[in-house]
Amino acid sequence: MVMVFATAILLLLFGGFLAVVLCARSGVSQVAGQVGAISGSALGLVSAIRVLLTGKAEGMSSVWHMPGGSLHFQIDVLSAFFLLPVFGLSILAALYGRSYLADRKGGYALAGSWFHLNMLTVGMALVIAAHDGLLFLLAWEIMALSPFFLVAFDDQKAEVRKAAWIYLSATHLGTAFLLIFFVLLGRLAGTSDFDGYAAALRDNPALSSTMFLLALIGFGSKAGIVPTHVWLPEAHPAAPSHASALMSGAMIKVGIYGVVRTLTFLGAPEPWWGWLLIAIGASSGVLGVLFALAQHDLKRLLAYHSVENIGIILLGIGIGVLGLAEGIRPLAVIGFAAGLLHVLNHSIFKGLLFLGAGAVQRAAHGVELEELGGLLKRMPWTGATFLIGATAIVGLPPLNGFVSEFLLFYASFFAVVQPAVNIAVAGLIVLVVMGLIGGLAAACFAKAFGVVFLGSPRSPEAGEAREVARPMCAAMAILALLCVVFGLAAPTVVSALDRVVAAATGLTIGAARDQLTAVTGPLTIAISVFAVCIVIAASVWAVRSRRLALAAVRTAQVWGCGYPKPTPKMQYTASSFVQPLTTQFHLFVRNREVLVPPEGYFPASASYSSESSDPFLRGLFAPVFRWFDYLSHLEIFQHGLVHGYVLYLVITLVALLIWGSVW
Amino acid sequence: MLPFLGIIQALGLLTSFALLGTRSKGAGPQWLAFQGLLCGLVPIIMHADGLTTQVVLLAIGNIVLKGIVFPWVLLRLRARAPYHREVVPFIGIVGSTLFGIPVLALSVWLALRMTPALKHAPFVMLVLSIFLIFVGLFLIVTRRKALMQVIGYLVLENGIFVFSAIAISGTLLLVELGVLLDAFVAVFVMGIAILHINSEFGFMDVDQLTALRG
């Protein structure tokens, strides 16, 4: 019954091609792309859910005319789990995208964006379903290239083109490692089929470790771990928001899928793999949220939060790997469950937040925080759903973000009480890091939500903002609803993870289920307590509103220290709100600040501006790329003369012939 | 059968040198036609003891296409093209002809090295095929006019044809049909492209195409 999946892929492709073919008639072309994306992704979702429910892997294999590879697809439980965010977000991104792009002109660009959006979904789905190294790499390339065109949507802007190139360089850096990874693995195993990989690495820990490192760098750069995260804050603000949602919600998770899938090949893990994952997770998490704090651009801020959340996911997987290596089963199961569940949760709330940012961008013509404000009254749907997303990402109960972070805290506390010192230390590190991340993330979203949606508008555009079109609201509302449902239904969701966790850890389903059932008890208590609190608070609020409605209410200015005429400029700005925190973490967050202080008794004008730049982009990648610029002298070999190109062929041919004949 | 092959080799080498050294207007396509005819005979001679319809059809198809159709197309093309001198190479006529001598030596040496691997292939034909491939590539690289480049391409294709006729025994037809189809398409595409480039830009010099570079 893999036919459903195949049909889904074909529908996606067909929709994309139809959009391109019909590009002369922009309206029809967009409908074709949208219908293809929604119908294809819905079918794909059906096939993934069926595998998750039955637990039976579905696959197809056929001969491929590509030397060294076979056309082997297999959707097992692990693949199906990762297909959920891919297809789910693709449906909503398509639903949202057409209204989002409605005021854009240019049939070619629009048709192209639909084509590449569908290709991105196809690429991700094929990567996750591929069961053959070569096929995997091919699908990976499709997945890696499509966002380049999506990011370069507004290609008349120089900074958009720059962002697209940064993305392309970063993604190929990762692909280079993956190429080595699969070629080496294929040579060792003598086959490119995934089934053969595990046998080749069974009793060779040194080799397994090398493979692990290669995979971690290759997949990690796609997932956005520090320091290869630099493409995220560049690419996401440049891309259309529904594309950002799909990239941040689904594509970077494919990197996590790669890491988890690789772990299933490598046999028994070494303890230091877990430590390394925890270290990377901790640095990505903390640095991601710190950089996010300093941002003025809503989408850049969200992009850095993706880095942070990838860190949280890796902390979970790291704890899980450590548990597997040391043979502590509860740690392994709950660690992996935390990481995997956070994959799903993050795709829901980050998709929601990016869609919300897009709605703000469309309504207020910008996502620069210092020019927004007061949007909650003007855009109630966007505001309310964004608030739910922000609450979820911060990890507040009873929403879905809380559940996965709860699992992670549970695993860490479990580790802390272990007799083995190293496990206890690992648990302690994760606890401290998670505490720090949680606090900073809360501050960051207090800033983001407060500055964008509360207060009064800081620019005329923000003042004229209106609620966005219905399909966009619907897409955001569905995701917000999912945040609530996955939070309230947490015990069910967690115990349903048993098959997925068993597939990822190699333990039996029964063992995984036992450990997960142990967590559901405390989880139920936590969720219910907070749910009850919220119900009480809501009732109090309702009573208060009723009482106020009955009484005569006089509205007046908020007390302004005796100043009678406050203006929007007197509000907290985004940078002033987080300034206490950014000064604390000056070591990591280096803002470039320009301060012109007021002078004299009657100051005329004064100004302050700060600009944040990624220290990794500035300090690590910029010098490397400057060095690459020297290589551009090699352009003399690319002269455009046909004769010359054929001459290269001849020289190569003769050299090969002579080389082959002499040796 | 060896004497025939010897004659074909000698004539094939001569046509190649003629193409390297040709300066006159219509000579290129004519030498090419002769060479195509010669190469078309190779599979018939090779399979003389057990001639099948397949081989005969292949040889006839090859002779018709490369001996008649392609040269005719090229001659027509030349008639419509308004340029004055046929050959304005990067490397002069004398240089090209002299170049042929070391390449022939290289071909003989390579053929010697290849003989152990290809036991059934006649040595003379092996030399010819390698030489044709080199000459074809050389013509593509050094000739300025698109017309001579097409000729170079067809010489290269002749070399591949001879090589496959002598080296591959089983799937001859399949391989050859594939290559022949490639050549067929290539000649027509190039022919059309040359005409269009000519009418659009007023030149047929391939090196001037760099003007199109962005």
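## What to know about the overall build of chain A
Helix and strand counts for chain A come out as 25 helices and four strands. Principal axes of the C-alpha set define a box for chain A whose edges measure 95 × 65 × 50 Å. Within chain A, the proportion of its 663 residues that are buried is 52%. Restricting the contact set of chain A to residue pairs at least 6 apart, pairs at least 24 apart contribute 78%.

## Digging into the overall build of chain B
Regarding its fold elements, chain B presents seven helices and zero strands. Out of the 214 residues in chain B, the part that is buried amounts to 40%. Here the contacts in chain B between residues at least 6 apart in sequence split such that 70% fall between residues at least 24 apart.

## Overview of the domain arrangement of chain A
Segmenting chain A into domains produces domain 1 (1-210 + 240-263), domain 2 (268-550) and domain 3 (568-597 + 608-662). Of note, the centres of domain 1 of chain A and domain 3 of chain A, computed from C-alpha atoms alone, are 26 Å apart.

## Some words on helix H15 (residues 380-394) of chain A
Residue and element names in this part refer to chain A. In a regular helix each residue adds 1.5 Å, so 15 residues correspond to 21 Å; H15 covers 21 Å between its end C-alpha atoms and thus fits that length. With respect to burial, H15 is a largely interior element, 11 of its 15 residues being buried. Within the span of H15, buried status applies to Thr382, Gly383, Thr385, Phe386, Ile388, Gly389, Ala390, Thr391, Ala392, Ile393 and Val394. At its buried positions, H15 is contacted by helix H12 (298-326), helix H13 (329-364), helix H14 (375-378), helix H16 (400-416), helix H17 (421-453) and helix H19 (470-488). At the C-terminal side of H15, Gly395 shows a positive phi close to 90°.

## Side note on the confidence of the model for chain B
For residues with low pLDDT, the predicted coordinates do not support detailed interpretation. Here chain B averages 78 in pLDDT, while 75% of its residues score no lower than 70. Across the interfaces of the predicted complex, the ipTM metric reaches 0.76, alongside a pTM of 0.79.

## Here's the deal with unusual backbone geometry
All names here are of chain A. The amide bond that connects Val226 to the next residue, Pro227, takes the cis arrangement and shows omega of 5°. Here Pro227 is to be found in the loop between helix H8 (205-223) and helix H9 (231-238). With an omega dihedral of 0°, the bond running from Pro397 to Pro398 counts as a cis peptide bond. In the Ramachandran plot, His365 falls in the positive-phi region, its phi being about 55° despite a non-glycine side chain. Here His365 shows up in the loop between H13 and H14.

## Brief notes about the nonpolar core
If you look at the biggest cluster of nonpolar residues, it comprises 224 residues, and the most contacted ones within it are Ala337(A), Leu407(A), Leu479(A) and Cys483(A). No other element matches the 22 residues that H13(A) contributes to this core. With 50 residues, the next largest nonpolar core counts Leu19(B), Val127(B), Leu128(B) and Leu137(B) among its residues.

## With respect to the packing of helix H10 (residues 241-265) of chain A against H12(A)
Residue and element names in this part refer to chain A. Where H10 meets H12, the closest approach of the two axes is 11 Å, and the angle between their N-to-C directions is 20°. With respect to their mutual orientation, H10 and H12 come out roughly parallel. The chirality of how H10 crosses H12 is right-handed. Within the contact between the two elements, H10 uses Ser244, Ser248, Ile252, Ile256, Val259, Val260 and Leu263 and H12 uses Lys299, Ala303, Ser306, Ile310, Ile313, Ile317 and Val321. Tallied by class, residues from the contact of H10 with H12 come to 10 nonpolar, three polar and one charged.

Calculation notes
- Residues numbered from 1 in each chain as written.
- Chains lettered and ligands numbered in written order.
- Predicted model: local features only at pLDDT ≥ 70, side-chain atom pairs only at ≥ 80, totals over all residues.
- Helix = DSSP H or I, 4+ residues; strand = E, 2+ residues; numbered from the N terminus.
- Buried ≥ 20, exposed ≤ 12 C-beta atoms within 10 Å, placed from the backbone.
- Contact = placed C-beta atoms within 7 Å.
- Domains from an automatic or database assignment.
- Expected span 1.5 Å × (residues − 1).
- pLDDT = per-residue confidence, 0-100.
- Core = buried A, V, L, I, M, F, W, Y, C linked by C-beta atoms within 7 Å.
- Axes fitted to C-alpha atoms, helices over the stretch in contact; angles between N-to-C directions.
- Parallel < 35°, antiparallel > 145°, perpendicular 65-115°, else oblique.
- Left-handed = near helix turned anticlockwise from the far one by under 90°.
- Nonpolar A, V, L, I, M, F, W, Y, C, P; charged D, E, K, R; others polar.

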